[in-house]
Amino acid sequence: MIKGILVINNHGKPRLTKFYEHLPVERQQQMIRECFTLISKRSDRVCNFLEDVGAWSKDTKLVYRVYATLYFIFVVDGSESELGILDLIHVFVESLDHVFENVCELDLIFHTDKVHHILDEIVMGGMVLETNLQEILTAVGGVDHVSKGMSDEQVKEQEELETKGSKVASAKLKLKNQLR
Amino acid sequence: MAMRGLTQFIGDIRNCANKEEERKRVDKEMANIRKHFKEATKLTAYQKKKYVWKMLYIYVLGYEVDFGHMEALNLITAQGYSEKMVGYLACVLLLSETNEFLRLIINSVKNDLMSANEEIQGLALACVANVGGREFAETLAGDVQRILLSNHSRPQARKKAALCMLRLLRKYPDAFGEDGIGGNQDQRDSLYDLLEDPSLGVVTATMSLLIGLVSHNPELWTDSVNKCCKLLSKLNHPNAAKEFGQEYVYYKTINPWLQVKILRLLQYYPPPERHEVHTKLCDVLLHIISDAQMQKNVNTNNSAHSVVFEAINYVIHMETNKELISSAVSMLGQRMTASNQPNYRYLALDAMQRMSHIPDAAQQFKKHQETIIKSLKDNDVSLRRRALDVLYSMCDSKNSEQVVGELLDYLQGGDYAIREELVLRVAILAERFSPNLQWYVDTILKLMTLAGDYVSDHIWMRVVQIVTNNEELQLYAAETCYRSLKSESVHESMIKCGGYILGEFGHHIAHKNETSPDNQFMILKEKFHACEQWETKQILISSCVKLVNVHPQIKGAVVELLKKHTTTIDAELQQRAIEYLALTAPGKETMLETVLDVMPNFPERESILTKKIKERERVSTTDRTAAQIKSEQNKDDEDGPQTVDLSASAVKSSASRAKSQLSPSQNPHNDLLDLTAEEPSHMGGGGGGGGGGNLDDLLGAPSQPAATQKSQNLGGLDDLLGGGSPPPPAHGAQQGSLMDDMLGLGIYEDPIINVQAQLAVQGNVAKILLRYTNKSFSEISAFKTAVQQVKIPAMLFQVQDAATSIAPNATITQQVQMQAKTYFSEPPKLALSFSAQGSPRQVTTWLPVHVCKFQQPVTCNKDQYFAVWGKITGAPNESVNVFKSPRPIVRTDVENVVKTINYSALQGVDPNPNNVCGAAKINLGAGDVYCVIRLEIDSAQQAYKLTVKTNNAQVTREGGWGCNAL
């Protein structure tokens, strides 16, 4: 089972955190910090698995991948295939990349709802729900039909935001080239 | 989520220069949200949504968000998708499964589960899966099951329902009725049908659910084996891509996740019995394993290998198929050496470790021993751990010397991350596969030298056990330990182990000059300064005494050492020193021999170390893995290094727990303690209990030799109170009392003998512990003691027989118990007669027991005081004494004296603040007697007027002595 999913940037700022076991905020933060300190120290020539992480129970492993400035960390127990999780992370990033077209860290910050939505279509309650990129995109895309009924106010804001978009775009870090 | 307010807020947070600013901004925003939520009815849906998003953002930043939960949950009941979405998200992120609020949304969730809108249904399912509280499980399990099995459900919903059920099943297996899921054949069949669903997503999710079900009750689902085999071969069929559709081909492998899951499930069952199924399965596995090639693309490799490694797990599970094993081994060998692929090296090592119990495989792994050892020095800690595991499990008696040598070698490097595991494993391997016992001893001693801090007590205790039980090893062990102790810096574990072994087996090497008893003792003695733990010194002192038993010639030196420790601050060490000292006293030779005899063999029992390592810590996660179930079944026919469940975690946890689990009989120095327990052990116990403390303050002043006492016309108590010397100032008295508690109270001293007494009073019984110390250099012989009463026979005595002689510098003790039957005016006498330095001597002194010792101070207020005061008038119950003080009167000193004689010094009772009033009660068999005293002070004249009133004439008479005290 997947116990938690963390996306942390290279300064240790969490960009997405989801725990599938409920934990108090303090403990969550402690775990995030510990994961980051452990993983940020590791060179990119070592393996993508890390065991025996103090904050979690004994058979927990961290499986992680690094994309540009972001660490994607999945906290899993012994019942998951390590390589399978590596693939899953990649599926997640590919989905993000499709939805946001060249995803960057800013997308994760400003579109938390979308990111959560995509994640929910891939992992549910700590279990792998879907691994097929096409299926995921269909499921996420389907939502747009439902939420089209935006209020005028929202539409206006949306437009405004899009004009600001150029500024945001300049900060984009292209992930795709760095997909490993 | 296009919301300007939110975007603005996020922007602000991002612009914060430091944590402090961020906190300020967050606090401001929280206040803002709180304000708006107070008037929640006025908010539009959009605003509500915006504020909840802000809350969530703040939460993700790591701040506690403890408000607004209700508002967030209300969004779930809204109609729109985006409101519901944020509501559900808030519910999942903020609430724990036990939260009370969850009860409030059950109905909304139930409605959403029924929703015709697939997205909304999906949200509800995700919420049940993510939060999954008990009430959710009980109320909604049926609905979820219906969605899964209904003919009308679309794949999206079905997938989610399957996982949702799995989640509920894991948490609350009883939520699905008595039979659970699949209790009847129909349910099982419809679930199996889902495995043939055209959507592989549904199949994958169903497979996850099935694994959960199987792990709960494998018997119920035996049919799944054939179905899984079929599915697996279909997925690996050359035409599979066409059949299942390109979209499930993930980097050239068809749905690797599903394949992994199928292989996992199969491991819950023995290999299929039907021949054609079995053959088919083996073909597929062989195909998977041998076709795996390293590709350029990382993701292609990953997806292919995730299946490969799981296939290898299945091969390990099958155990017997030689062809498969050898192809798996050669595959692992290749991956092992792929130095640029740490992930595969990690997994290969992991698989090797689990495979090493298969003899064929283990033989072949030896070819890779060098590579594995190299991995032990890899700079990736994950790899190092795996390599250690593999080396540990592939070690046998043939390669143990090399493997253990390598591990010890590695220990010299500074890898602290896995040191503790390493040490424990070296200890176990050294014992289990030692080519000879000497090598074993050498290895452990080396281990202690290299990594002493990580050598827990049970490791060296194990050495002691083995050496004790193997006579031929004892000489060698003693020699080696002696050598090790001799080196300059010795680790404390080594001192403990070496100290114990020298004490026990030192006599084997005593005939050599270099290791003569004197030298052995010297080396032990030196180590007293080198160790930090009391425990070590305790072991050392026992060892020294053991040496005395075999080599009486060093007795003098050892006694010296013991004496030095009779006043040590550590109670255990002090107790040992005192007890051993008593044992070494003349006349105790037989006892000394019995107590300090060689330890009997330890009963052969399983090494604590191995036992620990076998104890697998059950981590209550998800499904029990197949390996877990298997190891549970095999628990009884264990043994050997192969145990499947030898995870690093088990080792680690055992190391920390082992210490506390050592039973006393396994603990060698505890054994020793048990034997000596018959010796009096209460002697070092500090002060003589509660009662007598206060008088001792004064009594603590240097006591006088008997001669001077007599010349001072003692009679009363003043000699006991310090022989007329000025009462020490209050704080000085305090110090004195501390000292007295430790040492007892000197009641007599001359150049030959020192007598000390410790007093404890309870009710009308006083217990006195007397210590006689011979200060001279010759023996005191014909030692006799007698307790005598003066004047009236008011007391009953029980006097323990004391030893008849006291060796030079030795101390003997004697207990006297005294019961006061009535009131007495003079303390009992202690008469000693003995012969020292050739001439007989007689000494008489007083025991420090006066009637006031049995008094208890009473606190009372003015009215109570004067009620008693007024009742008693005139002789014989009232006595008045006027007397002069030999020195200027200080009121606080007077109060101290009053307290010392066990009266309470009452404040604010006497109208004249100069006067001192006191009250006490005493009961010596004839009911409580109340005593009140009043001391009027005339400072100018240096005079006192003491009035004593009691309701017993005798007490009044004796109470008058107080003037002596002043």
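Residues numbered from 1 in each chain as written. Chains lettered and ligands numbered in written order. Predicted model: local features only at pLDDT ≥ 70, side-chain atom pairs only at ≥ 80, totals over all residues. Heavy atoms only, no water.

With an unreviewed UniProt entry as reference, chain B is termed AP-2 complex subunit alpha, source organism Guillardia theta. Looking at chain B in UniProt, the text filed under Subcellular location (unreviewed entry) is "Membrane, Coated pit". Under the UniProt heading Sequence similarities (unreviewed entry), the entry covering chain B gives this text: "Belongs to the adaptor complexes large subunit family." (UniProt positions renumbered as here; feature names shortened; annotations may be inferred.)

If you check an unreviewed UniProt entry, chain A appears there as AP complex subunit sigma from Guillardia theta. Under the heading Sequence similarities (unreviewed entry), UniProt records this for chain A: "Belongs to the adaptor complexes small subunit family."

### Let's talk about the overall build of chain A
Across its full length, chain A holds 6 helices and 7 strands. Ordered by position from N to C terminus, the α and β elements of chain A give β-β-α-β-β-β-α-α-α-β-β-α-α. Approximately 7100 Å² of chain A is accessible, and the part contributed by carbon and sulfur atoms is 50%. (Helix = DSSP H or I, 4+ residues; strand = E, 2+ residues; numbered from the N terminus. Areas by Shrake-Rupley, 256 points an atom, 1.4 Å probe, with all protein chains shown as cover.)

### Some details on the sheet that holds strand β4 (residues 61-67) of chain A
Residues and elements named next belong to chain A. Read across the sheet, 5 strands follow the order β2-β1-β5-β4-β3 without closing on themselves; strand pairing throughout is antiparallel. Edge positions in the open sheet fall to β2 (14-19) and β3 (49-51), since each of these has one partner strand only. Recorded for the sheet is a direction-independent mean angle of 15° between the axes of neighbouring strands. Bridge analysis of β3 against β4 gives 3 bridges, and the strand direction is antiparallel. Looking at β4, one finds that Phe49 is bridged to Val63. (Pairing = 2+ DSSP bridges. Axes fitted to C-alpha atoms, helices over the stretch in contact; angles between N-to-C directions.)

### Description of the sheet that holds strand β3 (residues 745-749) of chain B
Residue and element names in this part refer to chain B. The strand order β3-β4-β5-β8-β7 describes an open sheet built from 5 strands, whose pairing is antiparallel. One side of each edge strand has no neighbouring strand; the edge strands of this open sheet are β3 and β7 (795-799). Going across the sheet, the axis of each strand differs from the next one's by a mean of 25°, ignoring polarity. As judged from the 10 bridges shared by strand β4 (residues 753-762) and strand β5 (residues 765-774), these two strands associate in the antiparallel manner. Along β5, the bridge assignment pairs Leu759 with Ile768.

### Some details on unusual backbone geometry
Here A:Glu101, not a glycine, exhibits a phi torsion of approximately 50°, which is positive. Considering the arrangement of structural elements, one finds A:Glu101 in the loop between α2 (82-100) and α3 (105-110). A relative accessible area of 61% places A:Glu101 in the exposed class. For B:Glu319, which is not a glycine, the phi torsion comes out positive at approximately 70°. (Buried < 20%, exposed > 50% of the residue type's maximum accessible area, 1.4 Å probe, protein only.)

### Notes on helix α17 (residues 322-337) of chain B
Residue and element names in this part refer to chain B. Its 16 residues place the ends of α17 23 Å apart at the C-alpha level, agreeing with the 22 Å of an ideal helix rising 1.5 Å per residue. When we look at burial in α17, the residues that qualify are Leu324, Ile325, Ser327, Ala328, Val329, Met331, Leu332, Gly333, Arg335 and Met336. Looking at the buried positions of α17, the neighbouring elements they touch are α15 (275-291), α16 (298-318), α18 (342-355), α19 (359-365) and α20 (369-375). Two to three positions downstream of the cap, the backbone nitrogen of Glu323 sits 3.2 Å from a side-chain oxygen, assigning the N-cap of α17 to Asn321. (Expected span 1.5 Å × (residues − 1). Contact = heavy atoms within 4.5 Å. Polar contact = N/O pair within 3.5 Å; in protein donor to acceptor, adjacent residues only side chain to side chain.)

### Some remarks on the confidence of the model for chain B
All names here are of chain B. The predicted model of chain B averages 76 in pLDDT, with 82% of residues at 70 or higher. Mean pLDDT across the elements of chain B ranges from a minimum in helix α37 (residues 693-699), with 33, to a maximum in helix α14 (residues 256-266), with 90. Per-residue pLDDT stays below 50 along residues 616-622; that stretch engages in 18 contacts with residues further than four places along the chain or on separate chains. Within the model, the stretch residues 635-743 combines pLDDT values under 50 with 177 contacts to residues more than four positions away or in other chains. Of the two predicted TM-score estimates for the complex, the pTM is 0.61 and the ipTM is 0.79. (pLDDT = per-residue confidence, 0-100.)

### A few points about a negative patch on the surface
A cluster of acidic residues, B:Asp186, B:Asp189, B:Asp193, B:Glu196 and B:Asp223, forms a negative patch on the protein surface. Structurally, B:Asp193 can be placed in helix α10 (residues 185-194). (Patch = residues over 30% accessible without salt bridge, like charges linked within 9 Å, V, L, I, M, F, W, Y side chains within 5 Å. Salt bridge = Lys/Arg side-chain N within 4 Å of Asp/Glu carboxyl O. Lys, Arg positive; Asp, Glu negative; His and termini not counted. Charge placed at Lys NZ, Arg CZ, Asp CG, Glu CD.)

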